[in-house]
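These are the residues of each chain, in order.
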Amino acid sequence: MPTRQPHTQRIFLVVVDQTPELKIALRFACRRAFHSGGRVAMLFVTEPAEGVEWMGVGELMREERRQEAEARLQELSSLVQELSGQMPMLHVREGDVRDELLKLLEEEPSISILVLGAGTSAKGPGPLVSALTGKYANKLRVPLTIVPGSLAEDEIDAIT
């Protein structure tokens, strides 16, 4: 007979970007974390400073991007604190969003659910959602929750 494992805290990971659906995914993750005793984690991936011929300029660009990422995460942290009751875990990486997300999921066994918002444009749900539900789906080690980008706050609250 299997023994029951001790309850571990669920970590809901949200990828931070500049899309409108971010706030929807974040609200969903916060509400789920609040109601399940879990916690929210946020990942912000900055673009690498490529094509810069002078090392000092590249370092300056990298530092500016990191500061922008930290400012954005701090801004969103207060919202997460308000909605979930806890400060989020923060991750800042440099590189390709999809690749860095997959690396983080491999490196952080505490992350238990990935929450992404689906875009509402005619172009589709967004490149990350498309990649992770397509040829990269087998690379995920956690469930993926896709929140429709058209949901209103009260609709999210009603289902969480």
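Refer to the preceding data block for the structure.
Our subject in this report is the structure included herewith. Please read these numbers as outputs of a predicted model, since none were measured by experiment. (Residues numbered from 1 in each chain as written. Predicted model: local features only at pLDDT ≥ 70, side-chain atom pairs only at ≥ 80, totals over all residues. Heavy atoms only, no water.)

**Focus: the nonpolar core**
Inference 1: Among the nonpolar cores identified, the biggest contains 24 residues, and V14, V16, L26, V40, M42 and V115 are the most heavily contacted of them.
Inference 2: For this core, the secondary-structure elements that each account for two or more residues are strand 1 (11–16), helix 1 (21–36), strand 2 (39–46), helix 2 (55–84) and strand 4 (113–118).
Inference 3: If one sorts the elements of this core by residue count, helix 1 sits on top with 8 residues.
Inference 4: Non-local contacts of V40, meaning those with residues more than four positions away in its chain, are made with F12, L26, A29, C30, A33, V80, P88 and M89. (Core = buried A, V, L, I, M, F, W, Y, C linked by side-chain atoms within 4.5 Å. Buried < 20%, exposed > 50% of the residue type's maximum accessible area, 1.4 Å probe, protein only. Helix = DSSP H or I, 4+ residues; strand = E, 2+ residues; numbered from the N terminus. Contact = heavy atoms within 4.5 Å.)

**Comments concerning the pairing of strand 5 (residues 144–148)**
Inference 1: For strand 4 and strand 5, the ladder comprises 5 bridges, and the chain directions are parallel. Within the sheet, the bridge partner assigned to L114 lies in strand 5 and is L144.
Inference 2: With helix 4 (residues 127–133) bridging strand 4 and the parallel strand 5, this β-α-β connection has right-handed handedness. (Pairing = 2+ DSSP bridges. Right-handed = clockwise from strand over helix to strand, strands pointing away.)

**Some thoughts on the side chain of S84**
Inference 1: One can find S84 in helix 2.
Inference 2: Separated by 2.7 Å, the side chain of S84 and the backbone oxygen of V80 make a polar contact.
Inference 3: Here Q86 takes part through its backbone oxygen, which lies 3.1 Å from a polar atom of the side chain of S84.
Inference 4: Those residues in contact with S84 that sit more than four places away from it in its chain are C30, A33 and F34. (Polar contact = N/O pair within 3.5 Å; in protein donor to acceptor, adjacent residues only side chain to side chain.)

**Section: the environment of G126**
Inference 1: Within the fold, G126 resides in the loop between strand 4 and helix 4.
Inference 2: Given the relative accessible area of 21%, G126 is considered partly exposed.

**Considering the pairing of strand 1**
One face of the sheet, then the other: side chains in a regular strand alternate in exactly this way.
Inference 1: Counting buried residues in strand 1 gives 6 out of 6 residues, a clear majority hidden from the surface.
Inference 2: Burial along strand 1 is two-sided: I11, L13 and V15 and F12, V14 and V16, pointing in opposite directions, are all buried.
Inference 3: Bridge count between strand 1 and strand 2: 6 bridges; the pairing is parallel. Bridged to V14 within strand 2 is M42.
Inference 4: Crossover connection from strand 1 via helix 1 to parallel strand 2: handedness right-handed.
Inference 5: Sheet topology note: the strand 1/strand 4 ladder contains 3 bridges and is parallel. Along strand 4, the bridge assignment pairs L13 with L114.

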